[in-house]
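Observations on the model geometry
The chain contents come next:
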Amino acid sequence: MFVITMLLKMMTKFAIMKRLIILLFLFFSLFNMMFSEENSVLSEGSWYKISTNQTGVYKLKYSDFIKLGINVSNIQINSIRLYGNGGGMLPKLNSDFRYSDLIENAIEVYDSNNNGIFENEDYILFYGMSPNIWNFNENTNLFEHEVHLFSDDVDYFITIDNQSSGKRINLKESLQNSAIIIDSYNTYAFHEKELENLIQSGSKWFGERFTNNNKQSFSFDIPDLIQSKDVNIKFSGVARSFQSSNFTVDVNSAFLANLSIPVVSSQYAKEYAREVSTTTQYISNSSNLVIDVEYSSLDNSALAWLNYIQINARRKLRLTGNSIKFRDISNIGNFIGQYRIEDGAGLQVWDVTDPTNITKLATSIIMDDLFFNDSLNILHEYIGFNSSSYLEPNLVG
């Protein structure tokens, strides 16, 4: 009797578990149907791949279409579409936002004779990105770089679709009554090389190697640096030493920071090396920053590696080449700002805050300086450029 009772209990538990598994399967199936595309956009039509490796405005010419193998006979200007999801890695957490399919990007098409047909002398302009990106940290009020661990390029896809007009870069609404003039911006730079994986496993790679009492220098040129504002310098390094060791960091021959590094254990399965980092403010009297890093240890066989050096600074909003990428975290609020780009005559300005939905700013020129108004309700990313700054994408096919 006892055996039969136990068997009945086990059968009941099994039946409950089976129902739970079925319910979970149905739940995830329904979730997948609700939040994923039924078919990828790539499932129909002909597609041609191009790639970019730095952030800027790219020019895709009529001759490039031919090289990609696109049938260029009688292509309607409005039928050209570009798809891509920009730079950066996919998020690690499943709960974080990610695109469920390729997204169409707004592009600008130059039609030389305005006949609506894509021909020789016609071309496309689009905003292409580096795989490495910068993210704004609201807690530190600093920008942080993220190196892509798996790719050196960002892929985009071209297709010709006559069913409807492709997405284009439109003129943004012109705003009046600006409350503030913005003539400086937040700039950033970093040095990071992925040279060594210390344990031949995992996703962490490090750069230049230091032996004991070894010193190396790293230079950053930041034209029009506002010298009255703090330069935030973040240093990150790693060391393997069985005795006390430290990094000493100087900038322009002045002491910046000293980082003591915990010793490592010789026991099996312990940390191979120890990481340290620090962020320090520095007032510079020069636009050139030379950062000296020295490693020293009581262990003569110790080794250390640079992880990265990251810089946040404030820079005058002035054109020094053929393009300028800029943003401003100092003036975010529910009002309108007027941006002034010194020597900016001849530039177009795009709002690239959302790389898939780019808009163009209406600008005016006064004494070679460029002006435009925009809302300051969110952190915007802009790029100003002229025709000499166009980049060329890699034609994959």
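Higher on the page you've got the structure.
Reading guide: rules and limits
Residues numbered from 1 in each chain as written. Predicted model: local features only at pLDDT ≥ 70, side-chain atom pairs only at ≥ 80, totals over all residues. Heavy atoms only, no water. Helix = DSSP H or I, 4+ residues; strand = E, 2+ residues; numbered from the N terminus. Buried < 20%, exposed > 50% of the residue type's maximum accessible area, 1.4 Å probe, protein only. Contact = heavy atoms within 4.5 Å. Lys, Arg positive; Asp, Glu negative; His and termini not counted. Charge placed at Lys NZ, Arg CZ, Asp CG, Glu CD. Core = buried A, V, L, I, M, F, W, Y, C linked by side-chain atoms within 4.5 Å. Pairing = 2+ DSSP bridges. Axes fitted to C-alpha atoms, helices over the stretch in contact; angles between N-to-C directions. Salt bridge = Lys/Arg side-chain N within 4 Å of Asp/Glu carboxyl O. Phe/Tyr/Trp six-rings, centres within 6.5 Å; stacked < 30°, edge-to-face > 60°. Lys NZ or Arg CZ within 6 Å of the ring centre and 35° of its normal.

Observations concerning the overall build of the protein chain
What the protein chain contains, in helices and strands, is 2 helices and 28 strands. Taking the principal axes of the C-alpha coordinates as reference, the protein chain spans close to 85 × 80 × 45 Å. Each of the 397 residues in the protein chain was classed as buried or not, and the buried ones make up 42%. Across the protein chain, the fraction of contacts at a sequence separation of at least 24, relative to all contacts at a separation of at least 6, is 77%. Averaging the coordinates of the 31 positive side-chain charges in the protein chain and doing the same for the 44 negative ones gives two points 8 Å apart.

Details of the nonpolar core
Formed by 36 residues in total, the largest nonpolar core has its most connected members in Ile50, Phe65, Phe118, Ile124, Ile158 and Trp350. Of all the elements in the fold, those that place two or more residues in this core are strand S1 (47-52), strand S2 (56-61), helix H2 (62-68), strand S3 (80-83), strand S6 (123-128), strand S9 (154-160) and strand S27 (382-385). Considering each element in turn, this core owes the most residues, 5 residues, to S6. Once you skip the residues sitting within four places of it in the chain, isoleucine 50 turns out to touch Leu60, Leu68, Leu82, Phe126, Val154, Asp155, Tyr156, Ile158, Pro393, Asn394, Leu395 and Val396. Phe220, Ile291, Tyr295 and Ala304 belong to the second-largest nonpolar core, a separate cluster that totals 28 residues.

Considering the sheet that holds strand S24 (residues 359-360)
What holds strands together in a sheet is hydrogen bonding between their backbones, with the strands either parallel or antiparallel. A sheet is described by the order of its strands in space; here 5 strands give the open sequence S10-S24-S23-S27-S21, paired in mixed fashion. Two strands bound the open sheet, and with one partner strand each, they are strand S10 (170-171) and strand S21 (323-326). With 2 bridges connecting them, strand S23 (residues 348-351) and S24 associate as antiparallel partners. Bridged to tryptophan 350 within S24 is lysine 360.

With respect to the sheet that holds strand S17 (residues 254-261)
Here 4 strands make up an open sheet; going across it, the order is S14-S19-S16-S17 and the pairing antiparallel. The open sheet terminates on both sides in strands that have one partner only, identified here as strand S14 (214-221) and S17. For this sheet the average axis-to-axis angle between neighbouring strands, irrespective of direction, equals 15°. Inspection of the sheet shows strand S16 (residues 245-251) paired to strand S19 (residues 288-297) by 7 bridges, in the antiparallel sense. Bridging from a neighbouring strand, threonine 248 pairs with glutamate 294 of S19.

Regarding the side chain of serine 389
Take serine 389: it is sitting in the loop between S27 and strand S28 (394-395). We classify serine 389 as buried; its relative accessible area is 14%. Residues within four places of serine 389 in sequence aside, it is in contact with Val57, Asn322 and Ser323.

Section: the pattern of salt bridges
By the definition in use, this model includes 17 salt bridges. Residue lysine 49 pairs with aspartate 155 through a salt bridge whose shortest N-O separation is 3.9 Å. Pair noted here: lysine 49 is in strand S1 and aspartate 155 is in strand S9, with a separation of 106 residues, a long-range link. Accessibility expressed as a relative area gives 25% for lysine 49, which makes it partly exposed. Salt bridges linked by common partners bring Asp224, Lys316, Arg318, Glu342 and Asp343 together as one network.

Some points on the pairing of S19
As judged from the 8 bridges shared by S14 and S19, these two strands associate in the antiparallel manner. Looking at S19, one finds that glutamine 216 is bridged to valine 293.

Some thoughts on the pairing of strand S15 (residues 231-240)
In terms of burial, S15 is largely enclosed, as 8 of its 10 residues are buried. As paired strands, S15 and strand S18 (residues 274-282) are joined by 9 bridges and run antiparallel to one another. Each residue of the ladder has a partner; that of phenylalanine 235, found in S18, is threonine 278. Judged from the 9 bridges that link them, S15 and strand S20 (residues 303-316) form a sheet pairing that is antiparallel. When the bridges of S20 are listed, isoleucine 233 appears paired with isoleucine 311.

Concerning the packing of aromatic side chains
Evaluated as defined, the whole model comprises 23 aromatic pairs. For the ring pair tyrosine 185 and phenylalanine 326, a centre distance of 6.2 Å and an interplane angle of 65° mean the geometry is edge-to-face. Of this pair, tyrosine 185 sits in strand S12 (residues 184-191) while phenylalanine 326 is found in strand S21, placing the two residues 141 residues apart along the sequence. For the pair tyrosine 185 and phenylalanine 326, one class covers both residues: buried. Arranged with centres 5.1 Å apart and planes meeting at 65°, the rings of tyrosine 339 and tyrosine 382 form a pair that is edge-to-face. One end of the pair, tyrosine 339, is in strand S22 (residues 336-341); the other, tyrosine 382, is in strand S27, with 43 residues separating them in the sequence. For the pair formed by tyrosine 339 and tyrosine 382, the shared burial category is buried. Each residue in the set Trp134, Phe136, Phe143, Tyr188 and Phe190 is aromatic and connected to the rest through ring pairs, giving one cluster. Above the plane of the ring of tyrosine 123 lies lysine 59, whose end atom (NZ or CZ) is 4.4 Å from the centre. Over the face of the ring belonging to tyrosine 272 we find arginine 240, whose NZ or CZ atom lies 4.0 Å from the ring centre.

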